[in-house]
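If you want the building blocks of each chain, they are given just below.
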Amino acid sequence: MRKLLYTCLLQVVTALAVMVPGHAQDLIPVEKFAKLPAAQDLKLSPDGNYYAGLLRIEGQNLFIIVPTDGSTDNMQMIRYGEFTPGSWQWAGNKYIVIEISVASRRYGIKSVEKRLSTINIETGETYPTVKIKERASAKSKKNNISQFQSTVVSYLPDDDEQILMELDTDSPNKPDVVRVKLSSGKYTRHTRYRGGTTTWKADSKGHVRMGYGYAIKSNGEYSDNFDVLFRASIEDEWKHLKAPEDPDNPYSPISFTEDPHIILVSARNKHGCLSLYTWDRRTEEVDKVLFWDEKFDYSYSTKLPGTDRVAAVYYYADELEAFFIDDEEKHNQEVLEKVFPGQKVRIISRSDAYDKFILRVGSPNVPATYYFLNTKTGNATEITHNYPQLMNLELPRPKPITYVTRDGVEIPGYLTITKGSEGKNLPMIAHPHGGPHRRDTLRFNPWVQYFAGRGWAVLQMNFRGSSGYGQKFREAGRGQWGRLMQDDVTDGVHWAIQEGIADPGRICIVGGSYGAYVALQATFKTPDLFKYAVGLNGLYDILADIQRHRNYIGHARYRAAMTQEDPKEISPTHNVEHIKVPVLIAYGEDDRNVDEKQSKKLISKLKRAKREYVALELKDARHSFSQEGDQITFFQEMDKFLQQHLGLGPMPAGEAAGGE
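None of these values were measured; they are calculated from a predicted model.

1. Observations regarding the overall build of the chain
Right, so step 1: Along the chain, the regular secondary structure elements total 11 helices and 35 strands.
Right, so step 2: Scored against the burial criterion, the 660 residues of the chain give a buried share of 55%.
Right, so step 3: Sequence-distant contacts in the chain: of pairs separated by 6 or more residues, those separated by 24 or more amount to 56%.
Right, so step 4: Just so you have it, the chain exposes about 29,800 Å², and 47% of that area is on carbon and sulfur atoms.

2. Brief notes about helix α4 (residues 446-453)
Right, so step 1: Within α4, seven of the eight residues are buried, which leaves the element mostly enclosed by the surrounding structure.
Right, so step 2: Inspection of α4 places Pro-446, Trp-447, Val-448, Gln-449, Tyr-450, Phe-451 and Ala-452 among the buried residues, and these make up the whole buried set.
Right, so step 3: Where α4 ends, the next residue or the one after it, Gly-455, has phi of about 90°, a positive value.

3. Here we look at the nonpolar core
Right, so step 1: Among the nonpolar cores identified, the biggest contains 63 residues, and Trp-481 and Ile-509 are the most heavily contacted of them.
Right, so step 2: Considering each element in turn, this core owes the most residues, eight residues, to helix α7 (residues 514-525).
Right, so step 3: When near neighbours in sequence (up to four residues on either side) are disregarded, Ile-509 contacts Ala-430, Pro-432, Val-489, Val-518, Ala-519, Ala-522, Phe-530, Tyr-532, Ala-533 and Val-534.
Right, so step 4: One finds Ile-28, Ala-621, Ile-632 and Leu-646 within the second-largest nonpolar core, a separate group that totals 36 residues.

4. Quick look at the pairing of strand β12 (residues 187-191)
Right, so step 1: Sheet topology places strand β11 (residues 176-181) next to β12; four bridges connect them, and they run antiparallel. For Arg-179, the partnering residue across the bridge sits in β12 and is Thr-188.
Right, so step 2: Counted between consecutive antiparallel strands, the loop separating β11 from β12 contains five residues, among which Gly-185 sits at a positive phi close to 85°.

5. Considering helix α3 (residues 327-339)
Right, so step 1: A rise of 1.5 Å per residue sets the reference length of α3, with its 13 residues, at 18 Å; its end C-alpha atoms lie 19 Å apart and thus fit the reference within 8%.
Right, so step 2: At the N-terminal boundary of α3, the capping side chain belongs to Asp-326, with an oxygen 3.2 Å from the backbone nitrogen of Glu-328.

6. Brief notes about the pairing of strand β17 (residues 252-256)
Regular strands show a simple pattern: their side chains alternate between the two faces of the sheet.
Right, so step 1: Counting buried residues in β17 gives four out of five residues, a clear majority hidden from the surface.
Right, so step 2: Relative to strand β18 (residues 262-268), β17 is paired through four bridges, and the arrangement is antiparallel. Residue Pro-253 lies in a different strand from β18, and its bridge partner there is Val-265.

7. Considering the sheet that holds strand β7 (residues 109-120)
Right, so step 1: One open sheet holds the four strands; their spatial order is β5-β6-β7-β8, and the pairing between them is antiparallel. Each of the sheet's edge strands pairs with one partner strand only, and the pair in question is β5 (84-91) and β8 (126-128). Pairs of neighbouring strands in the sheet enclose a mean axial angle of 35°, with direction left out of account.
Right, so step 2: Sheet topology places strand β6 (residues 95-106) next to β7; 12 bridges connect them, and they run antiparallel. By the bridge assignment, Val-102 is partnered in β7 with Glu-113.

8. With respect to the packing of aromatic side chains
Right, so step 1: All chains considered together, the criterion is met by 27 aromatic pairs.
Right, so step 2: Between the aromatic rings of Phe-63 and Trp-88, the centroid separation amounts to 5.1 Å while the plane-to-plane angle is 90°, which identifies the pairing as edge-to-face. On the criterion of sequence distance, the pair formed by Phe-63 in strand β3 (residues 60-67) and Trp-88 in strand β5 is long-range, its members being 25 residues apart.
Right, so step 3: Look at Phe-63 and you get buried, because its relative accessible area is 0%.
Right, so step 4: On the numbers, 5.7 Å between centres and 40° between planes, the contact of Trp-447 with Phe-634 is tilted. One end of the pair, Trp-447, is in helix α4; the other, Phe-634, is in helix α11 (residues 628-646), with 187 residues separating them in the sequence.
Right, so step 5: On the basis of relative accessible area, Phe-634 is assigned to the buried category, the value being 0%.
Right, so step 6: Its end group placed over the ring of Trp-88, Lys-43 keeps NZ or CZ at 4.8 Å from the ring centre.
Right, so step 7: One residue, Arg-346, lies across the ring of Tyr-314, its end atom 5.6 Å from the ring centre.

So, how was this worked out
- Residues numbered from 1 in each chain as written.
- Predicted model: local features only at pLDDT ≥ 70, side-chain atom pairs only at ≥ 80, totals over all residues.
- Heavy atoms only, no water.
- Helix = DSSP H or I, 4+ residues; strand = E, 2+ residues; numbered from the N terminus.
- Buried < 20%, exposed > 50% of the residue type's maximum accessible area, 1.4 Å probe, protein only.
- Contact = heavy atoms within 4.5 Å.
- Areas by Shrake-Rupley, 256 points an atom, 1.4 Å probe, with all protein chains shown as cover.
- Core = buried A, V, L, I, M, F, W, Y, C linked by side-chain atoms within 4.5 Å.
- Pairing = 2+ DSSP bridges.
- Expected span 1.5 Å × (residues − 1).
- Polar contact = N/O pair within 3.5 Å; in protein donor to acceptor, adjacent residues only side chain to side chain.
- Axes fitted to C-alpha atoms, helices over the stretch in contact; angles between N-to-C directions.
- Phe/Tyr/Trp six-rings, centres within 6.5 Å; stacked < 30°, edge-to-face > 60°.
- Lys NZ or Arg CZ within 6 Å of the ring centre and 35° of its normal.

Structure representation (structure tokens):
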């Protein structure tokens, strides 16, 4: 079947019209950019009779289940109300298991508990996957159960009624593997917790054969030594793997292979970039290099369904790139790329019989479209667009750039300029990413398209500390909040000025989370460079945040990642007297990542210091917007603020402010 797949795909997909951008349009209303993605994480059932996923319809967050035969009789829409649905998977053809986030508190801090929910598609019922008994500590009488109880170890390919999942049945953060009956939520212990193990792995047959975590010291505390338990079969005894000893470059287990004695591991190559290897536990040596790059880190790998055979290895260059191990997978991808030239196309889900598929097609300036393909019938159906309101618009394509910092390091980034603009002397938005250990890539970004749609140049930079570029680049940002990492952002703006792209008198910095910290830090560290700043759900008082996390595991490492020096020196809240430019501070009242008091305290100090500011409280919003109305409100206020201070930049011919 797979050998003929590319022929079927070519016949089916060729019938699809490749989208052609439309003509120049009036200034696009800000609300269109502010809408959240209309679709996420679409997947086919194993038999291909249904697809399901997270959809947003008329502003409501829904989990939908849709028959692929075109009928609507068995279509279901599930509203999760106060719960936030997350990653999910089909458990056979009858059940769906979905992760949900529940608001909670730990150590007096707003937090999120993660649990699993089951959907029975035959009855339409939704209920907790496992009935967890809440425990109380004998001393504190407080909830003493792990915060995260949502890890599935195996969906058991030969059993549609049960799954294996991690569950700390005796002590918090010490997970057993349990077998859960999906119809009732009842469970039995399958594999008992062993010292230090925090993560369990099963092979493609559902056999639990690996566990890893940190070794336990004699005093019962976790050590810094990574420990891996392994067995070649379920009949074998558990043994500790003796991976190559290199404290600066440990081998991290990834998954199994078709050979029960060989596992996939990641480690850093001589350039410091994560690579993927096979490691033979019999010889205790690397068996084969599957992926190796001198610039970019290994990201993840995929396997052929139902097997432990690697199909492809993925990494992020400017865009997500694939290194194919399986020749037929590579050929199928090549066919699809010919059908959709200039766009990224991926098979994101398939039936077990390889006759039904879901494709995701898009580019950095064209929102993704999802298609359902049936190679037996020859039918191709468009399911939905990620941002339907932005389809068929002539949007600008971001381009990769690099610049050199004051100490000679090359920083990668992206520059987006309104179509039709000469690209000179423009008002500009510096847009640092959050994390901070994340990175921007060449992808469709509605924030960037909104900025560019107002005629503003947009500069994104992957400052030191960003992920994906190897260990040296990431570790260079350790302890450098407000210092080296901040200088990288500043140097990018100086580059844009020197290149004649940015008007020095009209530069604003906009960011969310860590990016918001960078934005407000810039207002007092380089007050003459940035004329305005916007921060959303930012961390503005480093000292207060360090104190807030003192009860959490890894507290010392958390602080070290920020700074080894006086936290007040790099905290906007403690330097308000040096802020002399207008700022917009927006925050979600129900933020469970960053304490909303951070924003409130900064706003209070700005008010007392009689600084020019706009404050926006979003009553029920969390750190990442899950309700569309919250993001629309924020974008509307940001649009007012930016247009007031930056004005509009040059527009393509035929555009006019305020047009519909």
